[in-house]
2 protein chains.
Amino acid sequence: MSDVAFPAKVSVREVGPRDGLQNEDPISTAAKVELIDALGKTGVRRIEAVSFVHPKAIPQMADADEVWSRVVRDPAVRYSALVPNLRGAERALAAGFTELEVVVSASDTHNRRNINRSTEESLGELPELSTLVHAAGGTLQLIVSTAWGCPYEGDVPVDRVLWVVERGVAAGVDSLAYGDTTGMATPPRVTRLVEATRSAHPELPLGLHFHNTRGTGLANVYAALELGVDDFDASVGGLGGCPYAPGASGNIATEELVYLLEDMGIDTGIDLPAMIEAAGLAERLVGRKLDSQVLRAGPAVR
Amino acid sequence: MSDVAFPAKVSVREVGPRDGLQNEDPISTAAKVELIDALGKTGVRRIEAVSFVHPKAIPQMADADEVWSRVVRDPAVRYSALVPNLRGAERALAAGFTELEVVVSASDTHNRRNINRSTEESLGELPELSTLVHAAGGTLQLIVSTAWGCPYEGDVPVDRVLWVVERGVAAGVDSLAYGDTTGMATPPRVTRLVEATRSAHPELPLGLHFHNTRGTGLANVYAALELGVDDFDASVGGLGGCPYAPGASGNIATEELVYLLEDMGIDTGIDLPAMIEAAGLAERLVGRKLDSQVLRAGPAVR
């Protein structure tokens, strides 16, 4: 609507090396390092570089330590690691990460299938995990996955999501992100959850992580921008997929997000041609055509 | 935003058989008829079936007369034809169409490259064309293409678009549609043009035709829904492409649009599983993987 005040700047977190690659056939350690280094030169300020998960659960991330040791770290970029539990946090801290994200699914069935424990069990570990990260001088974000729906349970009530958030706040997490794990969100659902969260925790920094599984990714971003949300995850080239729907697309593509934001006059610090080039690299590294439309279409004017 | 009143119903015009197929390698007459007949069974109420253009310009539509003569016409469906000029309108009326759309590009360069005449020349023919259609008992819609940008000229000013509309209104067109021919629109551009149009012509029925060339298609739909727009074009499976960017996607996919609208509680009359099935048929008929995400991902819950 024309009377909405959109944010002047948006902070983009590039999650292609983690959420993207963990849903692709495994690629070499050198290829992962090449991608992360290329992304570091696009102007993006935050990169989720790896996750510390059990190598049997996600073999694509088995070399997380080695990837991280070989990345040419740019001081202008904040690199982060995702962890599913206390053990992962210990590994991430030992590897030298200071920015950690712990993921908990709002849906109990999804949490069990994803990390083999109940939502309650994950939440029960949060205070100790938070203490550990803070004692090491780090920060901890709580990522609530299946925040807009679960492929097993269907709708996930807003109250259920807020209950998870409440536990995270009590444990002292520094920020919050919501994940639309299988792309079930639509704009009115985004609006409802963001408004309810802001109402309950007005000071808690909030980021959103959309998948484009059903084509609604940028529509969801737009609805969130109308509410002033200024922190979004995206994956270069739309790298990745959906473990619940073979062949379906994954995260929203970073260059599509940047195209939208730039055209709206919202600053991201990201150089769009450089990000499109990185998407081309991602496509070559995984050896398949990625879902990014901007990668295909290129600049708006010939 | 939570205080927005979205429309309760949306009228979808299926344009796959025309805008979709004219950007694919030619398929047989029988295949076109099969697709149109399948679409007629999905609950969609409007189908743009063919265009009457010069066969040298768009060979994919050379058999428009034969396609139309073989379609099993469903009385619950309104079928329409697109025409570029007076000659096309004469052919469409002779074939028995009573719902015609004439396309004029707001960008002079695009109009010249698309239909080999200036925008002014196209507009100059509108009064005679309108009289012809109305004398035959038909209705005429003016479709303004490149309404949000031109692949040759870049930005197209709102005033330029409104100047084209003014000429259409003076010629007596019955309704208006805006085409984002090469997918350059973003939500704030949609809002600006729709608000300016409503202000100038509050009673003129308005439909929007988005392409997903840069991934913003459904975001643009959402912005328009916030303004109460209740009439959208879409193409089954996302059939089609962009003549200016080989490999790029075409119209927004009908099943993605229906997924979004259904989840928002907005009625379309379309049966989503039937439309997904028609998208599967479209994919088989053109023999390539289409860009629709909903076709890949299927229902939200397993």
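An unreviewed UniProt entry lists chain A under the name Hydroxymethylglutaryl-CoA lyase, from Jiangella alkaliphila. Reading the Sequence similarities (unreviewed entry) entry of the UniProt record for chain A gives the comment "Belongs to the HMG-CoA lyase family."

The next subject is the overall build of chain A. What chain A contains, in helices and strands, is 12 helices and 8 strands. Computed over the C-alpha atoms, the radius of gyration of chain A is 18 Å, within 12% of the 19 Å expected from 2.2 N^0.38 for a compact globule of 302 residues. Dimensions of chain A along its principal axes, counting C-alpha atoms only, are 55 × 50 × 35 Å. Scored against the burial criterion, the 302 residues of chain A give a buried share of 66%. Considering only residue pairs separated by 6 or more positions, chain A has 74% of its internal contacts joining residues 24 or more positions apart.

Looking now at the interface of chain B and chain A. Between chain B and chain A, the residue contacts involve 49 residues of the former and 49 residues of the latter. At the junction of chain B and chain A, the tally comes to 2 salt bridges. Measuring nitrogen to oxygen at the nearest pair gives 2.8 Å for the salt bridge that ties Asp263 of chain B to Arg189 of chain A. For the pair chain B and chain A, the number of links is 8 residue pairs in polar contact (both at pLDDT 80 or more). Of all the secondary structure elements, the ones that give two or more residues to the side of chain B that touches chain A are helix H8 (187-200), helix H9 (217-226), helix H10 (254-263) and helix H12 (293-297) of chain B.

Before going further, it helps to spend a moment on the pairing of strand S6 (residues 175-179) of chain B. Residue and element names in this part refer to chain B. Extensive coverage of S6 is indicated by the burial of 5 of its 5 residues. Both faces of S6 are covered, namely the face carrying Ser175, Ala177 and Gly179 and the face carrying Leu176 and Tyr178. Of the strand pairs in this sheet, strand S5 (residues 139-145) and S6 are connected by 4 bridges, and their pairing is parallel. Its bridge partner being in S6, Val144 is matched across the sheet by Tyr178. At this point the chain moves from S5, through helix H7 (residues 158-171), to the parallel S6, and the crossover so formed is right-handed. Pairing between S6 and strand S7 (residues 206-209): 4 bridges, direction parallel. From the neighbouring strand, Leu176 faces S7, where its bridge partner is Leu206. The β-α-β motif built from S6, the intervening H8 and the parallel element S7 has right-handed crossover chirality.

After a rotation of 180° and a shift along the axis of 0.0 Å, chain B superposes on chain A with an RMSD of 0.0 Å. In short, the pair behaves as if placed about a two-fold rotation axis. Among all residues of chain B, the one whose C-alpha sits closest to the rotation axis is Ala219 of chain B, at a distance of 1.8 Å. Most of the interface of chain B is mirrored in chain A, where 100% of its interface residues again form contacts.

What follows covers the sheet that holds strand S7 (residues 206-209) of chain A. Residue and element names in this part refer to chain A. If you walk around this closed barrel you meet the 8 strands as S1-S2-S3-S4-S5-S6-S7-S8, and the pairing is parallel. Geometrically, the sheet is characterised by an average inter-axis angle of 25° between neighbouring strands, direction not taken into account. Sheet analysis places strand S3 (residues 78-83) next to strand S4 (residues 99-105), joined by 3 bridges and oriented parallel. Across the sheet, Val83 pairs through a bridge with Val102, a residue of S4. Of the strands in this sheet, S3 and S4 touch helix H4 (residues 86-94), which is tilted by about 155° from S3.

Below, the discussion takes up the pairing of S4 of chain A. Most of S4 of chain A sits inside the fold, with 7 of its 7 residues counted as buried. Chirality of the crossover, the property in question, places the unit of S3 of chain A, H4 of chain A and S4 of chain A among those that are right-handed.

What counts as what
Residues numbered from 1 in each chain as written. Chains lettered and ligands numbered in written order. Predicted model: local features only at pLDDT ≥ 70, side-chain atom pairs only at ≥ 80, totals over all residues. Heavy atoms only, no water. UniProt positions renumbered as here; feature names shortened; annotations may be inferred. Helix = DSSP H or I, 4+ residues; strand = E, 2+ residues; numbered from the N terminus. Rg over C-alpha atoms; globule rule 2.2 N^0.38 Å. Buried < 20%, exposed > 50% of the residue type's maximum accessible area, 1.4 Å probe, protein only. Contact = heavy atoms within 4.5 Å. Salt bridge = Lys/Arg side-chain N within 4 Å of Asp/Glu carboxyl O. Polar contact = N/O pair within 3.5 Å; in protein donor to acceptor, adjacent residues only side chain to side chain. Pairing = 2+ DSSP bridges. Right-handed = clockwise from strand over helix to strand, strands pointing away. Least-squares fit on C-alpha atoms with pLDDT ≥ 70 in both. Axes fitted to C-alpha atoms, helices over the stretch in contact; angles between N-to-C directions.

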